[in-house]
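Analysis of the macromolecular model
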Amino acid sequence: MTPELMIKACSFYTGHLVKTHFCTWRDITHTNQNVVLADKMNRAVTRYNFRLQKSVFHHWHSYIEDQKEKLKNMVLRIQRIIYCHKLTIILTKWRNRARYKNKKKEDELISKHELQLKKWRNRLLLKGASAGKSDLPEQSSSEVCLVDETPECDISQLPERAILQIFFYLSLKDVIICGQVNRAWMLMTQLSSLWNAIDFSTVKHVIPDKYIVSTLQRWRLNVLRLNFRGCLLRPRTFRSASHCRNLQELNVSDCPTFTDESMRHISEGCPGVLYLNLSNTTITNRTMRLLPRHFHNLQNLSLAYCRRFTDKGLQYLNLGNGCHKLIYLDLSGCTQISVQGFRYIANSCTGILHLTINDMPTLTDNCIKALVEKCSHITSMVFTGAPHISDCTFKALSTCKLRKIRFEGNKRITDASFKFIDKNYPNLSHIYMADCKGITDSSLRSLSPLKQLTVLNLANCVRIGDVGLRQFLDGPASVRIRELNLSNCVQLSDVSVMKLSERCPNLNYLSLRNCEHLTAQGIAYIVNIFSLVSIDLSGTDISNEAFCKSSLMLERLDVSYCSQLSDMIIKALAIYCINLTSLSIAGCPKITDSAMEILSAKCHYLHILDISGCVLLTDQILEDLQIGCKQLRILKMQYCTNISKNAAERMSSKVQQQEYNSNDPPHWFGYDRAGNPLTQPDNITSSKGSLELTVEKSTYSSEEEAA
């Protein structure tokens, strides 16, 4: 064994061993790779099958969800159809029942009306029979009853609060008469609370000065409010008011004998006055100097038509403690005030909230600019009879928080004033722009965003039409609007009335006077405004029963110069509108006594009645009114040719104010003394022009008329 062979043998053995192990390793490794590959393939197949199943399931799930959604929508649609069907059935039954109840209610009203009318006529017959028996010398049973037994009715046994409520409704003259009945009534009239407010203006032609002096001397500690309006008294009498140390309100307007000396005594004795009305008196700068010196708490001051003080007098308002608490100021008719005078007012009365300047042709934009520089709290401004005010005033007032503004008869106010009104005056609630010819539909469009607007007066703004009113009603302002005056807006038509009925659920007062393009069909839409209390439709083509059936709350109605109306409208009013307090049927020649008899029998709350030009009415209606309308206060009977002067004189003692003449109706009424239409064109003038000149109608709102 040589070393070379050993090396060779070892090398062979090692190579063989390596080869054997490598082949074995190779076989094992190959086998493992096949297993791993097979496992991977199986896993890949499994994953592929899972993804395939997931995709199929997803499509199936989407399909099922779509089917469920379709089924759900189908069920909802079926339910909606069933609900609509049920609702239709319910509404149909409700409508039929409402119609039945409405018809039943109308039948009951008509039956009740006929029964009351029958009782009324029986009452008239009984009254006529009793009047016939009154000539007999024998005593009637009622007279015997009154002689033998007097019913007990002693109001002095009532609580003091109830007695005061009764006597507060009486005038000073009536209170004096009541104090002369007996001792118990005299004690009732001497309740101290009854003399807190004394109104001498109602008895200015009856009570002498010495009684006024004694009354003020007796109740000097109780008097809080004194009214001497229009009283022609001696200076000594006015001086007696200075003894009322607790006086808070004093009205001496229209007193020609009230002087600076009278004001001096009152200012020294009554420093607590809060309300002072000096309008239309002869005061001078001396009185203006007294105001800031003595009346430190003065809040309301009226200097209207006082033309003897000057700008220097207004400068005195800033002396001493000044009139810095003044919140209301009336300078109407004070044409002597210049721009410098308004600067003095601004310096001394910075807290003014309400300013009234009427009948002042010298008022200019510069005056208002000087005033609002320091008076930025003004919320209410009234300018009537100020023709030189223009759009510049509106621009100057943008610094104030206006809520109420009123212009009347101004031709320089244009649409430019309203262009940014919703941004500058968002809290405006009252707008009066009567007889402002420069206002067009564009202004109404600018007013539509005002959410607080409740009163809008655009009477005699003849350039306003359906387009502007529709744009205004489409805005939020229409929901809160309570009063709307569109008198003599001649371009309005039935479209506007239809829009009003849809957009104004809270409308109480509506005036469409002399809107000549309105027809009976358009006016019929008013029945949908159930909140209406007052309607003015004079000069329109209204039918006899246009809106009466649904206007049960109606209190004021004006249908004057609607010549087509007949007795039917009076009958409808008597059946459905028994709460009427004011009625005007002037210029309605077809109204007869039978209609007025029905009205007297049903409308017992009537206070104001205008029957001018009703030529078929006779003396009989005055007797009916005396019996049925005992609350009647104002009666107008112009051009009533068949009513005698004697009957009118007897009626005048039953009412507070009466207008009467038996002349023939003017030609512009359009008919003769018998109610027949005039056929000659020369005798008939245009009612559009003549009616406005001859029969003037106030363009003020209901709130101002009440004030």
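In this report, we go over the structure that sits alongside the text. (Residues numbered from 1 in each chain as written. Predicted model: local features only at pLDDT ≥ 70, side-chain atom pairs only at ≥ 80, totals over all residues. Heavy atoms only, no water.)

**What to know about the overall build of the protein**
The following threshold applies: Helix and strand assignments come from DSSP, with helices taken as H or I runs of at least 4 residues and strands as E runs of at least 2, each series counted from the N terminus. Only protein chains enter the accessibility calculation, which uses a 1.4 Å probe; a residue whose area is less than 20% of its type maximum is buried, one above 50% is exposed, and one in between is partly exposed. Accessible surface is estimated by sampling points in the Shrake-Rupley manner with a 1.4 Å probe; for residues, cover comes only from the protein chains shown.
For the protein, the count of helices and strands is 25 helices and 19 strands. Principal-axis analysis of the C-alpha atoms gives the protein an extent of 190 × 75 × 70 Å. Burial status across the protein gives 42% buried among its 707 residues. Accessible area of the protein: about 38,600 Å², with a carbon and sulfur share of 55%.

**Describing the packing of aromatic side chains**
Put simply, the rule reads: Between the rings of Phe, Tyr and Trp (Trp by its six-membered ring), a pair exists once the centres lie within 6.5 Å; its type follows the angle of the planes, with under 30 degrees stacked, over 60 edge-to-face, and the other angles tilted. Should the NZ of a Lys or the CZ of an Arg lie within 6 Å of a ring centre and within 35 degrees of the ring normal, that charge is described as sitting over the ring.
Counted under the stated rule, the structure contains 16 aromatic pairs. Aromatic pair Phe 394 and Phe 418: ring centres 5.7 Å apart, planes at 50°, arrangement tilted. With Phe 394 in helix H13 (residues 391-396) and Phe 418 in the loop between strand E9 (404-408) and helix H14 (421-424), this residue pair connects regions lying 24 residues apart in the sequence. Taking the relative accessible area as the measure of exposure, Phe 418 reaches 2% and is therefore buried. With 6.2 Å between their ring centres and 75° between their planes, Phe 394 and Tyr 425 make a pair best called edge-to-face. On the criterion of sequence distance, the pair formed by Phe 394 in helix H13 and Tyr 425 in the loop between H14 and strand E10 (430-434) is long-range, its members being 31 residues apart. Comparing Phe 394 with Tyr 425, the two get one shared label, buried. Taken together, Phe 383, Phe 394, Phe 407, Phe 418 and Tyr 425 form an aromatic cluster joined through their ring pairs. Over the aromatic face of Tyr 316 sits the side chain of Arg 289, whose NZ or CZ is 4.4 Å from the ring centroid. Just above the ring of Tyr 432 sits the side chain of Arg 406; from NZ or CZ to the centre is 5.8 Å.

**Some words on helix H6 (residues 209-218)**
As a reminder of what qualifies: Picture the helix axis, draw a direction to every C-beta atom, and the arc is the one those directions span. Note on definitions: a residue-residue contact is assigned when non-hydrogen atoms from the two residues lie within 4.5 Å.
Listing the buried residues of H6 in full gives Asp 209, Ile 212, Thr 215 and Leu 216. Around the axis of H6, the buried residues are gathered within 125° of arc, so they sit on the same side. Facing away from the buried surface of H6 by more than 90 degrees, the exposed residues are Lys 210 and Arg 218. Contacts made by the buried residues of H6 are with strand E1 (197-199), strand E2 (225-227) and helix H7 (235-239).

**With respect to the nonpolar core**
Heads up, the condition is: Residue types Ala, Val, Leu, Ile, Met, Phe, Trp, Tyr and Cys, when buried and joined through side-chain atoms within 4.5 Å, form a set referred to as a nonpolar core.
Grouped together as the largest cluster of nonpolar side chains are 163 residues, with contacts concentrated most on Leu 226, Phe 228 and Ile 611. Look past the residues within four positions of Phe 228 in its chain and what remains in contact with it is Phe 200, Ile 212, Leu 216, Leu 233, Phe 238, Ala 241, Leu 250, Asn 251, Val 252, Ser 253 and Cys 255.

**Examining the packing of helix H16 (residues 466-473) against helix H18 (residues 494-503)**
To be explicit about the condition: Lines fitted to C-alpha atoms define the axes here, with helix axes fitted over just the stretch in contact, and angles between the N-to-C directions of these axes take values from 0 to 180 degrees. Working rule for angles: under 35 degrees goes down as roughly parallel, over 145 as roughly antiparallel, 65 to 115 as roughly perpendicular, anything else as oblique. Only Asp, Glu, Lys and Arg are considered charged, only Ala, Val, Leu, Ile, Met, Phe, Trp, Tyr, Cys and Pro nonpolar, and every remaining residue, Gly among them, polar.
In contact at an axis separation of 9 Å, H16 and H18 are set at 5° when each is read in the N-to-C sense. If you check the angle between H16 and H18, you find them roughly parallel. For the pair formed by H16 and H18, the contact residues are Asp 466, Leu 469, Arg 470 and Leu 473 on the first element and Val 495, Ser 496, Lys 499, Leu 500 and Arg 503 on the second. Split into classes, the residues belonging to the contact of H16 with H18 amount to four nonpolar, one polar and four charged.

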